[in-house]
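Observations on the three-dimensional arrangement
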Amino acid sequence: MPQQVMFTPAALDEPWGQKIFERVQSLNLPIIELPRNRLTGLRGENERETYNIAKRTLAVVTAPPSQFKLSPIPPSADWQFHIAEGCPAHCQYCYLAGSLSGPPVIRTYANLPQILENLSAYERPEQLTTYEVSCYTDPLGIEHLTGSLAECIRYFGTRKNANLRWVSKFDAVDSLLDLPHNGNTRCRMSVNAAPVSGRFEGGTASVASRLKALRKLALPRDKGGGCYPIGLVIAPIMPIDDWQIHYSRLFDSISEALDFKCDLTFELISHRFTPGSKEVLQSWYPQSKLDMDEDKRRIKRNKFGGIKYVYDTDTTNTMKRFFETEIQNRFPNAKILYWT
């Protein structure tokens, strides 16, 4: 639960903004109605205090015009769109660090109907188009406050050739189980080995709880489930001490949770960081033990000249072979969508 919820005037003018207002009000959370369409009062005396204030604030705003021009997001999906920016979790490797400017306040968008209406312009006739909604937020982590993820699932349930994809480290899925999704939404959980999740994923549901939630989402309706296509995002993969043992145990837990036939995919993402994200993360989590030693990494450049620090080729190939072999042996009918 946030410690405060801010509403801009523009957000309160939106019918969906009013619905969020009613939800927040029913939870007896402190509400601040801002005088202008600008967020204020989020800065502390230092970076750490600013982080703490922002992370405990939900701001209900309207998506700016730039959000209506979608960007491709390979290999995850054809397009990304955003119903919110920022995340209530405290992952010490957070990939949003350096991606979003200013204090890491959680912004959710009150003009959701317009955001959804805009998506059809990107659909390809007679060809499946996929949309990722989790790039800049964890939509399940704020769903109890917004209801926006359920609204997206309902919308995609009406589309003939469009699929929704979302991923989470939270577990409150009960409100999603009875929605008319028509198989057009793939629900994924982000999971990791116990030493990684226990040490670096603050404020999230336990991996065991996430897997239990994923099981609920995948189970048939007559077994009390949501009958969704599901997926697991194993990220960020790290070659910690005895990593094969720890990740094998993770696969044991996955096998126990998903001991029935289901539509399952895997996405495998090794740990990486940029100079900008390292600087931000060290200001947010100055005591973190996360290994971001550039001397132990190789540089990977993107097409715009930006650099990321990734594991060396031998380490990467060893980990990739391990994960692909484990998945093929344990889940022969699952698809590995990509390794990166």
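These notes cover the structure that comes with them.

Calculation notes
Residues numbered from 1 in each chain as written. Predicted model: local features only at pLDDT ≥ 70, side-chain atom pairs only at ≥ 80, totals over all residues. Heavy atoms only, no water. 1 Å grid on protein atoms, 1.4 Å probe; cavity = no way out; pocket = protein on both sides within 12 Å on 5 of 7 lines; lining within 4 Å. Points joined across faces, edges and corners; volume = space filled by probe spheres on them. Helix = DSSP H or I, 4+ residues; strand = E, 2+ residues; numbered from the N terminus. Nonpolar A, V, L, I, M, F, W, Y, C, P; charged D, E, K, R; others polar. Pairing = 2+ DSSP bridges. Salt bridge = Lys/Arg side-chain N within 4 Å of Asp/Glu carboxyl O. Buried < 20%, exposed > 50% of the residue type's maximum accessible area, 1.4 Å probe, protein only. Axes fitted to C-alpha atoms, helices over the stretch in contact; angles between N-to-C directions. Contact = heavy atoms within 4.5 Å. Polar contact = N/O pair within 3.5 Å; in protein donor to acceptor, adjacent residues only side chain to side chain. Parallel < 35°, antiparallel > 145°, perpendicular 65-115°, else oblique. Left-handed = near helix turned anticlockwise from the far one by under 90°.

1. Some words on the layout of surface pockets
Reported here for the second largest pocket is a volume of approximately 320 Å³. Forming the walls of the second largest pocket are 16 residues, and the residues nearest its centre are Met-1, Pro-2, Lys-55, Pro-88 and Ile-106. Sorting the residues of the lining of the second largest pocket by element identifies helix 3 (47-55), strand 3 (57-61) and helix 5 (143-146) as the ones contributing at least two each. Partitioned by chemical class, the residues of the lining of the second largest pocket number eight nonpolar, six polar and two charged.

2. What about the sheet that holds strand 1 (residues 4-7)?
Strands sit in the order 2-1-3-8-6 across an open sheet of five strands; the sheet is mixed. What marks the edges here is a single partner per strand, and that holds for strand 2 (31-33) and strand 6 (84-85). Sheet topology note: the strand 1/strand 2 ladder contains three bridges and is parallel. Looking at the pairing, Met-6 lines up with Ile-32 of strand 2.

3. Looking at the pattern of salt bridges
With the rule as written, the count across this model stands at 16 salt bridges. Across the salt bridge formed by Lys-216 and Asp-174, the nearest N and O atoms sit 2.9 Å from each other. Residue Lys-216 is located in helix 8 (residues 207-218), and its partner Asp-174 is located in the loop between strand 10 (162-168) and strand 11 (185-191); the two are separated by 42 residues in the primary sequence. Of the residues examined, Lys-216 reaches a relative accessible area of 28% and is grouped as partly exposed. When the shortest N-O distance is used, the salt bridge between Lys-278 and Glu-294 registers 2.9 Å. Of this pair, Lys-278 sits in helix 10 (residues 275-284) while Glu-294 sits in the loop between helix 10 and strand 15 (298-301), and the two are 16 residues apart along the sequence.

4. A word on the sheet that holds strand 9 (residues 129-132)
Strand order in the open sheet made by the eight strands is 4-5-9-10-11-13-14-17, with mixed pairing throughout. Edge positions in the sheet fall to strand 4 (71-73) and strand 17 (335-339), since each of these pairs with one other strand and no more. Sheet twist, expressed as the average angle between the axes of neighbouring strands with direction ignored, equals 30°. Pairing geometry for strand 10 and strand 11, over five bridges, is parallel. Bridge assignment links Val-167 to a residue of strand 11, and that residue is Arg-188. Across the sheet, helix 6 (residues 148-157) lies against strand 9, strand 10 and strand 11, angled at about 155° from strand 10, the strand it touches most.

5. Looking at empty space enclosed by the protein
In the structure shown here, the tally under the stated rule is one cavity of 30 Å³ or more. Taken together, Ala-63, Gln-67, Phe-68, Leu-70, Phe-81, His-82, Ile-115, Asn-118 and Leu-119 form the lining of the largest cavity. Across the lining of the largest cavity, the residue classes break down as six nonpolar, three polar and no charged.

6. Details of the side chain of Lys-278
Lys-278 gets classed as buried once you look at its relative accessible area, which sits at 15%. In terms of polar contacts, Lys-278 uses its side chain to reach the side chain of Glu-294, at 2.9 Å.

7. As for the pairing of strand 1
Taken residue by residue, a regular strand's side chains alternate between the two faces of the sheet. Of the two faces of strand 1, the one lined by Gln-4 and Met-6 and the one lined by Val-5 and Phe-7 are each fully buried. Sheet topology places strand 1 next to strand 3; four bridges connect them, and they run parallel. Of the residues in strand 3, the one forming a bridge with Val-5 is Leu-58.

8. What about the environment of Asn-192?
In this structure, Asn-192 sits in the loop between strand 11 and helix 7 (194-200). Counting along the chain gives 31 residues from Asn-192 to Asn-161, while the straight-line C-alpha distance between them is 32 Å. Excluding anything up to four places from it in sequence, Asn-192 contacts Ser-197, Glu-201, Val-207, Ala-235, Pro-236, Ile-237, Tyr-247 and Leu-250. There is a polar contact of 3.0 Å between the side chain of Asn-192 and the backbone oxygen of Ala-235. Within the local environment of Asn-192, its side chain forms a polar contact with the backbone oxygen of Pro-236, the two atoms lying 2.9 Å apart.

9. Quick notes on the packing of helix 8 against helix 9 (residues 243-257)
Direction vectors running N to C along helix 8 and helix 9 enclose 30°, while the axes themselves pass 9 Å from each other. In terms of axis orientation, helix 8 runs roughly parallel to helix 9. Every pair of crossing elements has a handedness; the one defined by helix 8 and helix 9 is right-handed. Where helix 8 abuts helix 9, its residues Val-207, Leu-211 and Arg-215 lie against Leu-250, Ser-253, Ile-254, Glu-256 and Ala-257. The residue inventory of the contact of helix 8 with helix 9, partitioned by class, reads five nonpolar, one polar and two charged.

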